[in-house]
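Close look at the chain arrangement
For reference, the chains in residue letters:
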Amino acid sequence: MRGLFLASACVCILAVGTISAFLLINGLPFFTKYPAGQFILGAEWAPLRDVFGILPMIVGSFYVTLGALLLGAPIGILTAILMSRFASRPVVKIMKPVVALLAGIPSVVYGFFGVMLLVPFVRETFGGTGKSVLVASILLGIMILPTIIQTAEAALNAVPQSYYEGSLALGATHEGSVFRAILPAARPGIISGLVLGIGRAIGETMAIIMVAGNNPRMPGDILKGVRTLTVNVLMEMGYAADLHRESLIATGVVLFIIVMAINFLFSFINRRRVQQ
Amino acid sequence: MTTIEYKGQQVDIAVPTRKRLYLGSKILKFLCWLSGLITVGTLLLIVAYILIRGIPFLKPSMFEVRYTSKNVSMFHAIINTLSMTGLSLLFAVPVGVFGGIYLAEYAKPGSKLVKLIRVTAETLAGIPSIIYALFGMLAFVVTLKMGISILSGALTLAIMTLPLILRQTEESLLAVPMSYREGSFGLGAGKLRTTVRIVLPVAMPGILAAVLLSIGRISGETAALIYTAGTATRLAGLAESGRTLSVHLYQLQQEGRFINEAFAVAVVLLIIVVLMNALSSFIAHKLTRKG
């Protein structure tokens, strides 16, 4: 039985190995036919003419992720502070399932909500089509909230009570102690939550494809449409063939490498935190 | 300087002027409550909006057994979601639970292998669903020639949910007090018997909570299924293409002719997710109270 248990545990290693292998084997041959520099730095995506530049999508992915972070990080961190240090127990008892439910709502439902409510709202308020960086960022900001809140709350709760008491004894107010003594002590944990949120935002597909317009152009202002790396793969995989198809798998490889780098950063921060 | 009354006399004492400090504190506190309100309000808005627009369209025609392009019934999608969930769990639960048992009960903590398993499990949890979609398509659909089918989709989702079940099993097992194991060993039971008969039953609620969360996740997954299980509108056998509820919702929205029906599908999806979350946290809550 021990062997069976061991083998099951090793399935994770096997899975990561197989996923990497399949992506690389199917994605790398593309670079022998198409220069990697033109692929990653090319600003034009025109599969019909065999022009594959994914720079607009890379910029697009970072654009919406940045937007999500600008919205999600302050609200998430402040909510975590509220749950950890200000709110009474009954309030926390309501907030916890709320956050868990936000994490549980499927991304396709978020996307549906976005396209039915937020897109028309932005269209009528600011003009344009409504399918925009703005809506994608708002939606992603909501979607990464639970990740940020849960990690930040755990980090805040883990700060020793003596920090808080020491600050109070020096004459600081309750709020001052929370923001000047506890918050800095919890910073590494909060940052790792943000990194986790970035990972989620960059990898999100369904919610974005429904609200972002998906034009493979360099993203303009926040009311213009945008296409991300994830959307590029999902949108065109259905009918792509030959070099076009390989270019999409290569897009997946680029995304995979970005996500792996973020994961690595996350575990690096975590390890340093544990060592401290 | 502030004047206070002390033992019947007016006394001047030096008090640091903290008006600005207090104001700052109040603003910070206000911002915290505002953020909390936004968080709760957002969830309420999403749920209320979907329920209000969707419930009126949960008509019997939406649940007719035969799908036609007129009734856009979601019956087939519900059954496909069930078989997709069942099949994925059939693969993921044994592997996840066994793997968790190894990590918690057998492995030498801190060994290189354990570290590697942990890192790869974390990696699996962090891989976006669109990458799983690519992998599932390349590996199961094309290379293993399973075609676009429920089976391909279920295998893809099984790998996606594996880290959650593995991790939760390990944590639940580690939470079981050492004395249970010692008592069992003391009565002469072996390692395997102790693990399976004593430790595993105690950890069961935690594992169950993880399984319920996985059900919620599988029902909501869309991106990974479109090119592995496909979008066919029928009751699909294992080797056939069939859409699940979430794919059904996406397709209805994309076609644009049946938005009201799409809202109804979203309601059903929301109910499943809320139910699974509630059950899961109920079980986990019971567990912590017992422990």
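If you're wondering where the values come from, they're calculated on a predicted model, not measured in any experiment. (Residues numbered from 1 in each chain as written. Chains lettered and ligands numbered in written order. Predicted model: local features only at pLDDT ≥ 70, side-chain atom pairs only at ≥ 80, totals over all residues. Heavy atoms only, no water.)

1. Brief notes about the overall build of chain A
- Secondary structure summary: chain A contains 13 helices and two strands in total.
- Judged by the C-alpha coordinates and their principal axes, chain A covers about 70 × 60 × 35 Å.
- Within chain A, counting contacts between residues at least 6 apart in sequence, those at least 24 apart form 71% of the total.
- Carbon together with sulfur atoms contributes 66% to the accessible area of chain A, which is approximately 11,500 Å² in total.
- Here chain A contributes 19 positively and 11 negatively charged side chains, and the mean placements of these two sets differ by 9 Å. (Helix = DSSP H or I, 4+ residues; strand = E, 2+ residues; numbered from the N terminus. Contact = heavy atoms within 4.5 Å. Areas by Shrake-Rupley, 256 points an atom, 1.4 Å probe, with all protein chains shown as cover. Lys, Arg positive; Asp, Glu negative; His and termini not counted. Charge placed at Lys NZ, Arg CZ, Asp CG, Glu CD.)

2. Examining unusual backbone geometry
All names here are of chain B.
- Positive phi outside glycine occurs at Val72, with the angle close to 35°.
- Within the secondary structure layout, Val72 lies in the loop between helix 1 (19–54) and helix 2 (75–106).
- Residue classification places Val72 among the buried positions, given a relative accessible area of 1%.
- The phi torsion at Lys145 lies on the positive side, around 55°, for a residue other than glycine.
- As for its position among the elements, Lys145 is in the loop between helix 4 (129–143) and helix 5 (150–174). (Buried < 20%, exposed > 50% of the residue type's maximum accessible area, 1.4 Å probe, protein only.)

3. Thoughts on the confidence of the model for chain B
- In the predicted model, chain B carries a mean pLDDT of 90, and the fraction of residues at 70 or more is 95%.
- By mean pLDDT, strand 1 (residues 2–6) of chain B is the weakest element of chain B at 73, and helix 5 of chain B is the strongest at 95. (pLDDT = per-residue confidence, 0-100.)

4. Section: empty space enclosed by the protein
- In total, this model carries one cavity of 30 Å³ or more according to the counting rule given.
- In this model, the largest cavity occupies a volume close to 30 Å³.
- Looking at the largest cavity, the residues that line it are Ser107, Glu204, Thr205 and Met206 of chain A together with Ser129, Glu221, Thr222 and Ala223 of chain B. (1 Å grid on protein atoms, 1.4 Å probe; cavity = no way out; pocket = protein on both sides within 12 Å on 5 of 7 lines; lining within 4 Å. Points joined across faces, edges and corners; volume = space filled by probe spheres on them.)

5. Overview of the packing of aromatic side chains
- Going through the model one piece at a time under the given rule, you end up with 15 aromatic pairs over all chains.
- Plain terms: the ring middles of Phe135 of chain B and Phe140 of chain B are 5.7 Å apart, the flat faces sit at 75° to each other, and that makes the pair edge-to-face.
- Residue Phe135 of chain B is classed as buried on the basis of its relative accessible area of 3%.
- Relative accessible area serves as the criterion here: at 9%, Phe140 of chain B is assigned to the buried category.
- Each residue in the set Phe30, Phe31, Tyr34, Phe39, Trp45 and Phe52 of chain A is aromatic and connected to the rest through ring pairs, giving one cluster. (Phe/Tyr/Trp six-rings, centres within 6.5 Å; stacked < 30°, edge-to-face > 60°.)

6. Remarks on the environment of Ser73 of chain B
Residue and element names in this part refer to chain B.
- You can see Ser73 is positioned in the loop between helix 1 and helix 2.
- Expressed as a C-alpha distance, the spacing of Ser73 and Met62, which sit eleven residues apart in the sequence, is 4.2 Å.
- Setting aside its immediate chain neighbours within four residues, Ser73 contacts Ser61, Met62, Phe63, Glu64, Arg66, Tyr67 and His248.
- A polar contact of 3.0 Å, which involves the side chain of Ser73, links it to the backbone nitrogen of Phe75. (Polar contact = N/O pair within 3.5 Å; in protein donor to acceptor, adjacent residues only side chain to side chain.)

7. Description of helix 4 of chain B
Residues and elements named next belong to chain B.
- Helix length check: helix 4, at 15 residues, gives a terminal C-alpha distance of 19 Å against a target of 21 Å (1.5 Å per residue), a fit within 8%.
- At Gly136, helix 4 shows its largest bend, some 30°.
- Among the 15 residues in helix 4, 13 count as buried, and that is most of the element.
- A positive backbone phi angle near 55° is found at Lys145, which sits one or two residues after helix 4. (Expected span 1.5 Å × (residues − 1). Bend = angle between axes of the 7 residues up to and from the residue.)

8. Things to note about the interface of chain B and chain A
- If you look at the interface, chain B gives 69 residues, while chain A gives 74 residues.
- Together, the buried faces of chain B and chain A total about 6,500 Å²; carbon and sulfur atoms form 84% of this surface.
- For the pair chain B and chain A, the interface holds one salt bridge.
- Between Lys29 of chain B and Glu175 of chain A there is a salt bridge, and its shortest N-O distance comes to 3.9 Å.
- Inspection of the chain B/chain A interface yields six residue pairs in polar contact (both at pLDDT 80 or more). (Buried area = accessible area lost by both parts, 1.4 Å probe. Salt bridge = Lys/Arg side-chain N within 4 Å of Asp/Glu carboxyl O.)

9. Focus: the nonpolar core
- Counting 181 residues, the largest nonpolar core has Ile19, Phe39, Ile81, Tyr110 and Phe112 of chain A together with Leu124 and Leu249 of chain B as the members making the most contacts within it.
- In terms of residue count, the dominant contributor to this core is helix 7 (residues 133–157) of chain A (15 residues).
- Split by domain, the residues of this core number at least three in each of domain 1 (17–57) and domain 2 (60–290) of chain B.
- Contact partners of Phe112 of chain A, with chain neighbours within four places excluded, come to Met210 of chain A together with Ile50, Leu249, Gln253, Ile259, Ala262, Phe263 and Ala266 of chain B. (Core = buried A, V, L, I, M, F, W, Y, C linked by side-chain atoms within 4.5 Å. Domains from an automatic or database assignment.)

10. Here we look at a nonpolar patch on the surface
- On the surface, Leu23, Ile27, Phe30, Leu31, Leu34 and Ile38 of chain B cluster together into a nonpolar patch covering about 530 Å² of accessible area.
- In this structure, Ile38 of chain B sits in helix 1. (Patch = residues over 30% accessible without salt bridge, like charges linked within 9 Å, V, L, I, M, F, W, Y side chains within 5 Å.)

11. Side note on the packing of helix 6 (residues 107–126) of chain A against helix 7 of chain A
Residue and element names in this part refer to chain A.
- Where helix 6 contacts helix 7, the axes come no closer than 9 Å and their chain directions differ by 140°. It follows that helix 6 is oblique to helix 7 by the angle criterion. Considering the relative orientation of helix 6 and helix 7, their crossing is right-handed. Where helix 6 approaches helix 7, its residues Ser107, Tyr110, Gly111, Phe113, Gly114, Leu118, Val119, Val122 and Phe126 are matched on the opposing element by Leu134, Val135, Ile138, Leu139, Ile142 and Met143. (Axes fitted to C-alpha atoms, helices over the stretch in contact; angles between N-to-C directions. Parallel < 35°, antiparallel > 145°, perpendicular 65-115°, else oblique. Left-handed = near helix turned anticlockwise from the far one by under 90°.)

12. Structural notes on the layout of surface pockets
- By volume, the second largest pocket is sized at about 300 Å³.
- Forming the walls of the second largest pocket are 16 residues, and the residues nearest its centre are Val11 of chain A together with Phe140, Leu155, Ala158 and Ile159 of chain B.
- Counting only elements with at least two residues in the lining of the second largest pocket, the list comes to helix 1 (2–27) of chain A together with helix 2, helix 4 and helix 5 of chain B.
- Of all the elements, helix 1 of chain A adds the most residues to the lining of the second largest pocket, at five residues.
- Residues belonging to the lining of the second largest pocket are distributed by class as follows: 15 nonpolar, one polar and no charged. (Nonpolar A, V, L, I, M, F, W, Y, C, P; charged D, E, K, R; others polar.)

13. Focus on the packing of helix 2 of chain B against helix 7 (residues 191–220) of chain B
All names here are of chain B.
- One can describe the packing of helix 2 onto helix 7 by two numbers: an axis separation of 9 Å at closest approach and a directional angle of 140°. Between helix 2 and helix 7, the crossing angle belongs to the class labelled oblique. Viewed along their axes, helix 2 and helix 7 form a crossing whose handedness is right-handed. Of helix 7, the residues touching helix 2 (which contributes Thr81, Met84, Thr85, Ser88, Leu89, Val93, Val97, Ile101, Glu105 and Tyr106) are Lys191, Leu192, Thr195, Val199, Leu200, Ile207, Val211, Ser214, Ile215, Ile218 and Ser219.

14. A look at the domain arrangement of chain B
Residues and elements named next belong to chain B.
- Split by domain assignment, chain B resolves into domain 1 (17–57) and domain 2 (60–290).
- For domain 1 and domain 2, the distance between their C-alpha centres works out to 32 Å.
- Domain 1 puts eight residues into the contact, and the matching count from domain 2 is eight residues.
- Of all residues in domain 1, Ile50, Arg53 and Phe57 give up the largest surface area on contact with domain 2, accounting jointly for 65% of the area buried on that side.

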